[in-house]
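So the chains spell out like this:
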Amino acid sequence: MALDRWIALAFIALCCVFGYTAFFTMDDQLAPILRRNPVWPSTFPKILSVLGIMVGLIVLFTPKPPSADDKPKDGTIDLSRLGDYHVGQALGLLALMVAYALTLRSLGFLGSTISFLVLGAVILGERRFHILIPVAVIAAGSIWYLVQEVLGIFLRPWPGIFM
């Protein structure tokens with residue numbers, strides 16, 4: 001089975017677990033007065049899980065188009081040449097995402113987001129720090145402002161020792 005079909009199968013399994021949670025466990029915690037609402041907090045996760053399963057099944061069962069030769073086309077992953085890809089950068093970004101999630105509480109939203117954006121760009125090869133740092137500060141500050149002030153959701157901008 002091709003790599004895209006294995007990924008689709010894993011995606012279907014993930015959507016099934018997500019759908020089970022949305023359909024059977026999320027609604028049990030609602031207050032009785034909220035059970036009469038037409039839209040519940042689990043409505044969007046239910047829609048996402050069903051759509052995800054449908055997309056995964058389409059990818060899984062769509063037949064491959066016939067090709068004249070067995071050479072991989074542009075944009076496909078050739079597992080025999082895995083060393084030619086930037087696997088180190090991809091693994092570095094995944095590790096950086098985990099570190100970002102772990103430092104959100106200790107560094108605050110602004111500190112961890114700015115660090116994530118700057119370090120992620122450095123991993124990907126950006127070296128113009130005079131552009132990179134102001135863009136990261138403006139992006140993180142804009143997102144914090146929208147979430148905190150416009151949506152009214154508290155988001156700790158700085159570490160707890162500065163608050």
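It should be emphasised that the depicted structure is a prediction, and the values quoted were computed from it without experimental measurement.

A.B. asks: Before we move on, can you summarise helix α3 (residues 87-124) with the specific residues and values?
C.D. replies: For α3, spanning 38 residues, the distance from its first C-alpha to its last is only 11 Å, which falls clearly below the expected 56 Å at 1.5 Å a residue. At L107, α3 is deflected by roughly 125 degrees, the largest bend along its length. Within α3 the residues assigned to the buried category are L96, G108, F109, L110, S112, T113, V118, G120 and A121. In this structure, the buried side of α3 is in contact with α4 (129-150). At the exit of α3 stands G125, carrying a positive phi of roughly 110 degrees.

A.B. asks: Residue-level account of the packing of α3 against α4, with values.
C.D. replies: Taken N-terminus to C-terminus, the directions of α3 and α4 make an angle of 140 degrees; their axes are 9 Å apart at the nearest point. Of the two elements, α3 crosses α4, and the hand of that crossing is right-handed. Counted together, F109, L110, T113, I114, L117, V118, A121 and V122 of α3 and F129, L132, I133, A136, V137, A139, A140, G141, I143 and W144 of α4 form the full contact between these two elements. Among the residues making up the contact of α3 with α4, the classes are represented as 16 nonpolar, 2 polar and no charged.

A.B. asks: Please set out the packing of helix α1 (residues 3-25) against helix α2 (residues 43-61) residue by residue, giving values where relevant.
C.D. replies: With their axes 8 Å apart at the nearest point, α1 and α2 run at an angle of 160 degrees to one another. On the basis of their axis angle, the class for α1 and α2 is roughly antiparallel. Judged by the twist between their axes, the crossing of α1 over α2 is left-handed. Residues D4, R5, A8, L9, F11, I12, C15, C16, F18, G19, A22 and F23 of α1 touch α2, and the partners they reach there are P45, K46, L48, S49, V50, G52, I53, G56, L57, V59, L60 and F61. Residue classes in the contact of α1 with α2 are distributed as 17 nonpolar, 4 polar and 3 charged.

A.B. asks: Break down the packing of aromatic side chains for me, with residues and values.
C.D. replies: For the structure shown, the criterion picks out 2 aromatic pairs. Here Y20 and F24 contribute two aromatic rings whose centre-to-centre distance is 5.2 Å and whose plane-to-plane angle is 45 degrees, an arrangement assigned as tilted. Residue Y20 and its partner F24 are located together in helix α1, separated by 4 residues, close to a single helical turn.

Rules used throughout
- Residues numbered from 1 in each chain as written.
- Predicted model: local features only at pLDDT ≥ 70, side-chain atom pairs only at ≥ 80, totals over all residues.
- Heavy atoms only, no water.
- Helix = DSSP H or I, 4+ residues; strand = E, 2+ residues; numbered from the N terminus.
- Expected span 1.5 Å × (residues − 1).
- Bend = angle between axes of the 7 residues up to and from the residue.
- Buried < 20%, exposed > 50% of the residue type's maximum accessible area, 1.4 Å probe, protein only.
- Contact = heavy atoms within 4.5 Å.
- Axes fitted to C-alpha atoms, helices over the stretch in contact; angles between N-to-C directions.
- Left-handed = near helix turned anticlockwise from the far one by under 90°.
- Nonpolar A, V, L, I, M, F, W, Y, C, P; charged D, E, K, R; others polar.
- Parallel < 35°, antiparallel > 145°, perpendicular 65-115°, else oblique.
- Phe/Tyr/Trp six-rings, centres within 6.5 Å; stacked < 30°, edge-to-face > 60°.

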